[in-house]
Amino acid sequence: MKTSDTLLLLIDSLTKAEKKSFSQTALNSDYYDLYLLITNNPGKDSEEIKELYEVEKPQSNFNVQVNYLYTKLLDNLLSLQSSSDVELNLFNSLFKAKILAQKSLFQEALQLYQVVQLKAKELHLEYLLLKALQEELKLLLFLNFPNLTEDELSTKHFEITQSLKRARRENESSVLYDLLKYRTLHHDVMRSEEQRDALNDLLLSELSISSSSDRHLKSFESDMLHQLFQSTYLLGVNDYNAALSSLKVLIHLFEENTQRWEKNPYYYVVTLESILYNLRAIHEYKSISFFLGKLEEIQSKDKEINALRDIIQTLYTLYPLIDTGQFKEASAYIEQNRAKIEEMLPLLNRDKKAEVVLCWSIVLVGLGQFREVKDLLHPIIFQSKHFYYLPIFRAIRLIHLISIYELGILDEYEFEIRAFKRDLNKNKKAYQVEAFILKFLTSKKVYFQKREKQRQAIQPIIEAIRQDIYEKQILNLFDFTKWVESKVWDVSFTQLLENKKDSPLH
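Report on the accompanying structure.

What counts and what doesn't
- Residues numbered from 1 in each chain as written.
- Predicted model: local features only at pLDDT ≥ 70, side-chain atom pairs only at ≥ 80, totals over all residues.
- Heavy atoms only, no water.
- Helix = DSSP H or I, 4+ residues; strand = E, 2+ residues; numbered from the N terminus.
- Buried < 20%, exposed > 50% of the residue type's maximum accessible area, 1.4 Å probe, protein only.
- Contact = heavy atoms within 4.5 Å.
- Areas by Shrake-Rupley, 256 points an atom, 1.4 Å probe, with all protein chains shown as cover.
- Lys, Arg positive; Asp, Glu negative; His and termini not counted.
- Charge placed at Lys NZ, Arg CZ, Asp CG, Glu CD.
- Core = buried A, V, L, I, M, F, W, Y, C linked by side-chain atoms within 4.5 Å.
- Axes fitted to C-alpha atoms, helices over the stretch in contact; angles between N-to-C directions.
- Parallel < 35°, antiparallel > 145°, perpendicular 65-115°, else oblique.
- Left-handed = near helix turned anticlockwise from the far one by under 90°.
- Expected span 1.5 Å × (residues − 1).
- Polar contact = N/O pair within 3.5 Å; in protein donor to acceptor, adjacent residues only side chain to side chain.

This part takes up the overall build of the chain. Each helix and strand counted, the chain has 27 helices and 0 strands in total. In terms of principal-axis extent, the alpha carbons of the chain reach across some 90 × 65 × 45 Å. Taking all 506 residues of the chain together, the buried fraction comes to 46%. Considering only contacts in the chain between residues 6 or more positions apart, those separated by 24 or more positions represent 65%. Total accessible area on the chain is roughly 26500 Å²; 52% of this is exposed by carbon and sulfur atoms. For the chain, the distance from the average position of its 65 positive side-chain charges to the average position of its 71 negative side-chain charges is 4 Å.

Spelled out as structure tokens, the structure:
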């Protein structure tokens, strides 16, 4: 992606507070004029912005100002982030200590290294602790180990060794969790004997790491990765009760280590969101309220984090209603909370805004209000290059296609069909749901003329898509297969969704 395109996406993602902060520090400059031009012309692409800028600033080089503005924006965002991010502050302290040493302020540098070490130990930040210990020893070596006994030197090296062991353990746990997560996202991990053996090998490897009796190797990170691995594995083998227990242990771990996240609870918030996503995927709606309660307990001085927390609560209050066909109840909830939702939207990033729009559009589909669906999704479709990389864009695009099909807007429908077919030709395997929907929409008359015959033919295709591990990800957002079934079987879409009310847990 060109830097100018990246710049437009970055500016579009800025919150009001971030825009205000940047404007206060960047007045009276060519790059700030470019910034104003971009913010005052939303929806224009980089080439259009370039043309406008060259007319307004004929003596200025557009590409130079793009690079300068991009750098300045990142510097400003980094400065804002450092006020609440403990890890970033500790990294900055390491560099400050290095500068102090270069200026021959050795005592002050050594004191700062000690401060970083103490804080890193408290927060179990092994990579920072290791770096602080190593940099301190480099400086002590340079100074010929002043006022340091051999035993003290040996102790410092022992600390480094222990830190390396903990870091290695965390890394090994992370490797196993990443492999497991990848397999659950891209493969059916339990389909063949070979796949089951590979999965069990991962489990045994993870257990051998997590069951170590050396308490010095224990850390928040390793314990967290252990619970994430266990819950993901248990979900993969459909042991939902055990998975739920593991997820609750994970939350308890966060609650016991509030010092890790209380100043910046973003990671805890997205961990809870991940849990809620998994519960929705297995239709375990009864347990969602427990984790929503944990989410509600999180308080932050950061408005963006509070907005993220609140919108996750809103979405996962709506999803059980949507998934079980209670569209009128979902619509009533949205209307009741519309002012609050609209207040949150400017504080959310692009992907979360898109998820809110997708959620609302699904409610409208359930209510049969396809004109409203099209109007709601049009800005995202119009600016698709700003959203195409998002996982949920596949669902947004398909729902938009369904809306224009239902409305009978022939020109736009045919244009979208051609665009879909071009994408399918590039990667047929990755778009089974899209291929299925297109085949249904372009052959709908045939389905209805020979309904009984087509019902028999279509059901195996539907079941194959539902079993495909990759396609399950889009079906978790919106069950397109049930929408097609409602058309072919001539039954209510709401009625077909009602069977999701039953929990898989006993």
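Take the nonpolar core next. In summary, soluble globular proteins display a tendency toward joint burial of nonpolar side chains. In this structure, F291, I322, I399, L401 and F480 are the most contacted members of the largest nonpolar core, which totals 103 residues. The element contributing the most residues to this core is helix 15 (residues 303-323), with 11 residues. Sequence-distant contacts of I399, defined by excluding residues within four places in its chain, comprise L358, S361, I362, V365, V373, L377, F478 and F480. Core analysis: the second largest hydrophobic core is formed by 22 residues, Y113, V116, L129 and L140 among them.

The subject of this paragraph is the packing of helix 15 against helix 16 (residues 327-336). The relative placement of two packed helices is expressed as an angle between their axes plus a distance between the axes. Two numbers describe how helix 15 lies on helix 16: the axes approach to 8 Å, and their chain directions differ by 160°. Regarding the angle of helix 15 to helix 16, the classification is roughly antiparallel. In the packing of helix 15 onto helix 16, the handedness of the crossing is left-handed. Contacts from T314, T317, L318, L321 and I322 in helix 15 reach F327, E329, A330, Y333 and I334 in helix 16.

Further remarks concern the side chain of S246. Relative to the elements of secondary structure, S246 occurs in helix 12 (residues 240-256). Note on S246: relative accessible area 6%, which makes it buried. Excluding its chain neighbours within four sequence positions, the residues that come into contact with S246 are Q227, Q230, S231 and L234.

Here helix 6 (residues 86-102) spans 25 Å end to end across 17 residues, near enough to the 24 Å set by a 1.5 Å rise per residue. Taken together, the buried positions of helix 6 are occupied by L88, L90, S93, L94, A97 and A101. In the core, the buried residues of helix 6 are packed alongside helix 5 (62-82), helix 7 (106-123) and helix 8 (126-142). Where helix 6 begins, one side-chain oxygen reaches toward the backbone nitrogen of E87, 3.0 Å away; that side chain belongs to D85. In the stretch just after helix 6, S104 is the one whose phi turns positive, near 65°.

Any functional reading would require information that these geometric values do not contain.
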